[in-house]
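Summary of structural features
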Amino acid sequence: MKPVSALYPGSFDPPTNGHLDLIERGAKIFEELVVGILRNTEKSPMFSLAERLEMLKTLTAHLKNVRIEAFHGLMVEYAKSIDATCVLRGIRAVSDYEYELQMALMNRKLEPTLETVFMMPADKYSYVSSRLVREVAQAGGPVKGLVPEVVEQKLREKLEPAYRFHDEMQEGRAPGAKEKKRKRKS
Ligand code: PNS
């Protein structure tokens, strides 16, 4: 059997502990794993491409057969250009399956030689998604344990006003929090 080079494509906006878990699993079974960050043109991402590249490079520095790159256009064309013969995707729950199946079959139609391999992240991350992490963080909520510390720090820096407001509400220092206290007294 030939050693296999795989591409793990995604938006990684931001990278979560689930992504990292999958990268670590993939790095164990593939000779080389390229994490390809989609340069989103339609969506406006929370983190710039440069920020996502930097975060993922830091997070995977200990994995010698993992490389972080950016791509745009068709994923199958990018996979071919880097000689990847396999695409790695994560499936957390049954709800992921339909979308992933559709995407895998479309990619197979576009490039029949490229195989998609699905892996499951640890069950403790089965509910973690970048979208929900963004939603919680945008409301100043805690994301500890859902994302690596460097990502948590970046979210705090980016969403500083939301976190300040959330913390002040918790401490009863925000205008809304005072209002609640006054109402409760009467
Ligand atoms: O992290 P995501 O958003 O689930 O990743 C989706 C991604 C980047 C893998 C997918 O949107 C993709 O491959 N986009 C590149 C354009 C493309 O090839 N589209 C056809 C997919 S069938």
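Coordinates for the structure precede this section.
What counts, and at which threshold
- Residues numbered from 1 in each chain as written.
- Predicted model: local features only at pLDDT ≥ 70, side-chain atom pairs only at ≥ 80, totals over all residues.
- Heavy atoms only, no water.
- Helix = DSSP H or I, 4+ residues; strand = E, 2+ residues; numbered from the N terminus.
- Contact = heavy atoms within 4.5 Å.
- Areas by Shrake-Rupley, 256 points an atom, 1.4 Å probe, with all protein chains shown as cover.
- Core = buried A, V, L, I, M, F, W, Y, C linked by side-chain atoms within 4.5 Å.
- Buried < 20%, exposed > 50% of the residue type's maximum accessible area, 1.4 Å probe, protein only.
- Near = heavy atom within 4 Å.
- Polar contact = N/O pair within 3.5 Å; in protein donor to acceptor, adjacent residues only side chain to side chain.
- Nonpolar A, V, L, I, M, F, W, Y, C, P; charged D, E, K, R; others polar.
- Arc of directions from axis to C-beta.
- Expected span 1.5 Å × (residues − 1).
- Axes fitted to C-alpha atoms, helices over the stretch in contact; angles between N-to-C directions.
- Parallel < 35°, antiparallel > 145°, perpendicular 65-115°, else oblique.
- Salt bridge = Lys/Arg side-chain N within 4 Å of Asp/Glu carboxyl O.

As a further point, take the overall build of the chain. Each helix and strand in the chain was counted, giving 8 helices and 5 strands. Moving toward the C terminus, one meets the helices and strands of the chain in the order β-α-β-α-β-α-β-α-β-α-α-α-α. Projected onto its principal axes, the C-alpha positions of the chain cover 75 × 35 × 30 Å. Considering only intrachain contacts with a sequence separation of at least 6, the fraction spanning at least 24 residues in the chain is 72%. Total accessible area on the chain is roughly 11300 Å²; 55% of this is exposed by carbon and sulfur atoms.

Moving on to the nonpolar core. Within the largest apolar cluster, 19 residues are counted, with the highest numbers of intra-cluster contacts made by Tyr8, Ile23, Leu33, Val35 and Val66. Mapped by element, the contributors of at least two residues to this core are β1 (5-10), α1 (17-29), β2 (32-38), α2 (49-59), β3 (66-71) and β4 (86-90). The contacts of leucine 33, once residues within four sequence positions are left out, are Ala6, Tyr8, Ile23, Gly26, Ala27, Asn65, Val66, Arg67 and Leu88. Leu20, Val147, Leu155 and Leu159 belong to the second-largest nonpolar core, a separate cluster that totals 18 residues.

Around the ligand there are 14 residues in total, and Ser11, Gly73, Leu74, Met75 and Arg89 lie nearest to it. Within the side chain of serine 11, an N or O atom sits 2.7 Å from an oxygen atom of the ligand. Residue arginine 89 places a side-chain N or O atom 2.9 Å away from an oxygen atom belonging to the ligand. Among the secondary structure elements, those contributing two or more residues to the shell around the ligand are β1 and α4 (94-110). The dominant element in the shell around the ligand, judged by the number of residues it contributes, is α4, at 4 residues. Residues of the shell around the ligand, tallied by class, amount to 8 nonpolar, 4 polar and 2 charged.

Attention now moves to helix α6 (residues 149-158). Within α6 the residues assigned to the buried category are Val151, Glu152 and Leu155. Seen along its axis, α6 keeps its buried residues to an arc of 100 degrees; they face one direction. For α6, exposure combined with an orientation more than 90 degrees from the buried face picks out Glu149 and Glu157. Against α2, α5 (130-138) and α7 (160-171) lie the buried residues of α6.

For the rest of this paragraph, the subject is α7. With 12 residues, α7 ought to run about 16 Å at 1.5 Å a step, and its terminal C-alpha atoms sit 16 Å apart, in line with that. The inward-facing, buried residues of α7 abut α5 and α6. Glycine 172 sits one or two positions beyond α7 and adopts a positive phi of about 75 degrees.

As a further point, take the packing of α6 against α7. For the pair α6 and α7, the least separation of the axes is 5 Å and the interaxial angle reads 85 degrees. As summarised for this structure, α6 and α7 are arranged roughly perpendicular, according to the angle between their axes. Counted together, Leu155, Arg156, Glu157 and Lys158 of α6 and Glu160, Tyr163 and Asp167 of α7 form the full contact between these two elements. Along the lines of polarity and charge, the residues of the contact of α6 with α7 split into 2 nonpolar, no polar and 5 charged.

What follows is about the pattern of salt bridges. Opposite charge on two side chains allows them to pair when their charged atoms are near. Tallied over the entire structure, the rule returns 11 salt bridges. Among the salt bridges present, the one from arginine 131 reaches glutamate 135, with a minimum N-O distance of 3.5 Å. Of the two residues, arginine 131 and glutamate 135 both sit in helix α5, 4 residues apart, roughly one turn of that helix. On the accessibility criterion, arginine 131 (51% relative accessible area) is exposed. A relative accessible area of 47% places glutamate 135 in the partly exposed class.

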